[in-house]
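# Summary of structural features
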Amino acid sequence: MEREPTSREAVLAKYLEERDKRIRPDGNDQYIEVTGRFASFVEDPYVPPVEREPRSDEVTVAVIGGGFAGLVTGAKLKSAGIDDVVLIEKGGDVGGTWYWNRYPGAQCDTAALIYLPLLEETGHRPTEKYTHGPEILEHCHRIADHFDLYDSALLATEVTGLEWDPDRSRWLVSTDRGDELLARFVTMGTGPLHRPKLPGIPGIETFAGHCFHTSRWDYDYTGGSEDGEPMDRLSDKRVGIIGTGATAVQCIPHLARACGELYVFQRTPSSIDVRNNHPIDPDWFDSLEPGWQDEWLRNFTTLQTGGFADEDLVMDGWTDIAQRIRDRVFAKPDQDFSPASLLQAYHESDDEKMAEIRARVDELVQDPETAAALKPWYRQLCKRPCFHDEYLQAYNEPSTHLVDTDGRGVERITESGVIAGGRHHELDCLIYASGFEVGTDYTRRSGFDPIGRDGVRLSERWADGMQSLHGMHVHSFPNAFIVGFSQAANLISNIPHNLTEAGTTIAAILAHALTVGADEVETTAAAERDWVAKLEAGGRTFGGDPTCTPGYYNFEGHDAGRRGLLNTVGYPDGPLAYFEYIDRWRSSGDFEGLEFRERH
Ligand code: NDP
């Protein structure tokens, strides 16, 4: 069994050694777009397109994107009495990431009671602490039903153009189905992780066997279903999977049970903490007082981002590290809360946590060489932390083979398989668990480039990085609202919380605009500039630690400069402070930094 380093310095030296193996000069460019030969990887396999006449009427609000961002925005608008809402979604149904990602074992890492939005409003009780994909997708349907978003929705419809018409103070929304809508307001919730990416491995286009990306799981090939039926068509197949991130960790135990032979090609192991899922007791759930979900959200955000609360309501791997830091600081005789003391407590807690995670690998994986290769050598938050109670054990299946590449990745893909670690592995099927575009331009990911006042394109406005007020309003783009988390709370452990707050804010702004009869709502150039300056000075991004192993959290280990900082920066005082700030901002009724005006 591999020994743990005996000092903090030795741990850090190991982290740097492992990081250096993985830093590549091509950074984000190592990935290729899912186009050309791979275009079929992003087709909609779930709902056949329905013929319909194009629409060319006027609407009050066009909500672009039917994932959680669009759903919560639509719900909040309806609750504010704004009924004429048209939701436009490229998938055949709502659900966003949960519509597309139906791989076996898909499950949310964040506790359902805080992850699933609008639980009190819809009256839904999640069945388990960490719900599985089908239940999350069902909740998306529930939100759309409950808030009457389906009736006017344009599904299987992709927005292709968005252009401001200054004469009418309307957005012209064009789609791939020939629609030409005039929208008084538009909201854009196009999601941070929805364009699959592929590794640019030499020979990738030559593989002649079956292949697909995890975000469009091919159950026709594998057998089984997203509802958990076993994949019964793989028992005579040699299957390879490239990637060991959060997606792969969830589907590998299912593949290990089903495949004749399974080859897992690993570049960097994920950290696998305890999952500890359990059903939610209906009696306990019924005893929760009205307003409970807001309280839970606040409690989680407080603890997960280094704050202090009397109790930990969620009690999971996300809050655990924060609890440890808190306990360490309180245990000090001087209870020193200075930044240096907090940083030291964070490092000590992280060292302890990562040592536990590595020890867990030894406990659960029988083969010592495999166990050694599965140990993560970086701080827990350098990469997306994973939580699973079956993943590591999957490597005890004799038919499951870990092909560790010692940080170098797959060397080449051939017509009949994969070369990794100097060996050729013959395969019938190759699955790409290679993730999604993150560091690419917003407009490339959304698929359209809004044209604002005076013909300015969003891609031009943001050529040197994102510019906004609250991550939502962009000068020169009146009546358009971004639903996201960058340049706002930036709470990555619970994305829907960011989106629900954004939806609430947009509903308040639009209700005000309609009440005062404003034709246009726009942030002033000064407010936008001040906001960006404040954020830049605070410099709070999620990829700051230079010792981190590369990944999409830190621009693949490269310095992304000011542009990268602006694209990922959050409120300097953290997510909780942002949520409190934005609540005050929208409740005051002043909407400082926005101009409400009549048509010019
Ligand atoms: P990731 O980007 O996290 O993982 C991609 C994987 O592909 C990594 O293991 C990467 O290795 C590997 N890879 C890339 N290129 C190569 C190569 N040339 N050779 C070998 N391996 C390679 O994508 P995921 O789909 O796993 O997850 C994306 C995000 O989706 C997560 O971070 C999370 O935010 C979200 N998610 C959330 C879940 C939830 O519970 N809520 C579940 C699943 C996903 P390396 O690490 O070395 O770069």
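We now turn to the structure provided with this report. (Residues numbered from 1 in each chain as written. Predicted model: local features only at pLDDT ≥ 70, side-chain atom pairs only at ≥ 80, totals over all residues. Heavy atoms only, no water.)

Okay, the pairing of strand S15 (residues 417-420) next. Relative to S15, strand S14 (residues 412-413) is paired through 2 bridges, and the arrangement is antiparallel. Bridge pairing in S15 places Arg412 opposite Ile419. Here S14 folds back onto S15 in antiparallel fashion, the turn holding 3 residues. With 4 bridges connecting them, S15 and strand S16 (residues 423-426) associate as antiparallel partners. Bridge pairing in S16 places Ala420 opposite Arg423. Between S15 and S16, which pair antiparallel and follow one another directly, the connecting turn spans 2 residues, one of which, Gly421, has a positive phi of 60 degrees. (Pairing = 2+ DSSP bridges. Helix = DSSP H or I, 4+ residues; strand = E, 2+ residues; numbered from the N terminus.)

Here we take up the site of the ligand. Around the ligand there are 26 residues in total, and Asp109, Thr247, Thr268, Lys383 and Tyr552 lie nearest to it. Between an oxygen atom of the ligand and a main-chain N or O atom of Gly245, the distance comes to 3.3 Å. Note that an oxygen atom of the ligand is positioned 3.4 Å from one of the backbone N or O atoms of Ala433. Against a free-state accessible area of 920 Å², the protein chains account for coverage of 91% of the ligand. With 3 residues, the single largest contributor to the shell around the ligand is helix H8 (residues 246-258). Among the residues forming the shell around the ligand, the class breakdown is 12 nonpolar, 10 polar and 4 charged. Counting contributing residues per domain, the shell around the ligand is built from domain 1 (17-43 + 196-275 + 380-432) and domain 2 (58-194 + 438-597), each supplying no fewer than three. (Near = heavy atom within 4 Å. Polar contact = N/O pair within 3.5 Å; in protein donor to acceptor, adjacent residues only side chain to side chain. Areas by Shrake-Rupley, 256 points an atom, 1.4 Å probe, with all protein chains shown as cover. Nonpolar A, V, L, I, M, F, W, Y, C, P; charged D, E, K, R; others polar. Domains from an automatic or database assignment.)

Judged by side-chain polarity, Phe308, Phe330, Phe337 and Leu342 come together as a nonpolar surface patch covering roughly 340 Å² of accessible area. Here Leu342 shows up in helix H12 (residues 339-364). By relative accessible area, Leu342 is classed as partly exposed at 30%. (Patch = residues over 30% accessible without salt bridge, like charges linked within 9 Å, V, L, I, M, F, W, Y side chains within 5 Å. Salt bridge = Lys/Arg side-chain N within 4 Å of Asp/Glu carboxyl O. Buried < 20%, exposed > 50% of the residue type's maximum accessible area, 1.4 Å probe, protein only.)

This next bit is on the state of the cysteines. Summed over the entire model, instances satisfying the criterion amount to 1 disulfide. Here Cys382 connects covalently by a disulfide to Cys548, the sulfurs 2.1 Å from one another. For the disulfide bridge between Cys382 and Cys548, the dihedral angle about the S-S bond is near -80 degrees, and by the sign convention the bridge is left-handed. Here Cys548 lies in the loop between helix H17 (525-538) and helix H18 (561-568) and Cys382 lies in the loop between helix H13 (368-373) and strand S12 (386-387), a separation of 166 residues in the sequence. The exposure class assigned to Cys382 is buried, which follows from its relative accessible area of 3%. (Disulfide = S-S within 2.5 Å.)

Right, let's get into the sheet that holds strand S13 (residues 400-404). Ordered by their spatial adjacency, 5 strands build an open sheet running S8-S17-S9-S10-S13, and the pairing between neighbours is parallel. Looking along the sheet, the strands with just one partner apiece sit at the ends: strand S8 (210-213) and S13. Between one strand and the next, the sheet's axes are offset by a mean angle of 20 degrees, whatever the strand orientation. Pairing analysis gives 5 bridges linking strand S9 (residues 238-242) to strand S10 (residues 261-266), with the strands arranged parallel. Counterpart to Ile242 in the pairing with S10 is Phe265. (Axes fitted to C-alpha atoms, helices over the stretch in contact; angles between N-to-C directions.)

Its place among the elements puts His213 in strand S8. Accessibility expressed as a relative area gives 1% for His213, which makes it buried. Only 3.1 Å separates the side chain of His213 from the backbone oxygen of Gly435, close enough to count as a polar contact. Residues within four places of His213 in sequence aside, it is in contact with Phe41, Pro196, Lys197, Leu198, Tyr432, Ser434, Gly435 and Phe436. (Contact = heavy atoms within 4.5 Å.)

With that settled, the discussion passes to the nonpolar core. The biggest cluster of nonpolar side chains holds 106 residues, and the ones touching the most others in it are Ile241 and Leu255. In terms of domain composition, this core takes at least three residues from each of domain 1 (17-43 + 196-275 + 380-432) and domain 2 (58-194 + 438-597). Beyond its immediate stretch of four places on either side in the chain, Leu255 contacts Trp217, Met231, Leu234, Ile241, Leu262 and Ile431. (Core = buried A, V, L, I, M, F, W, Y, C linked by side-chain atoms within 4.5 Å.)

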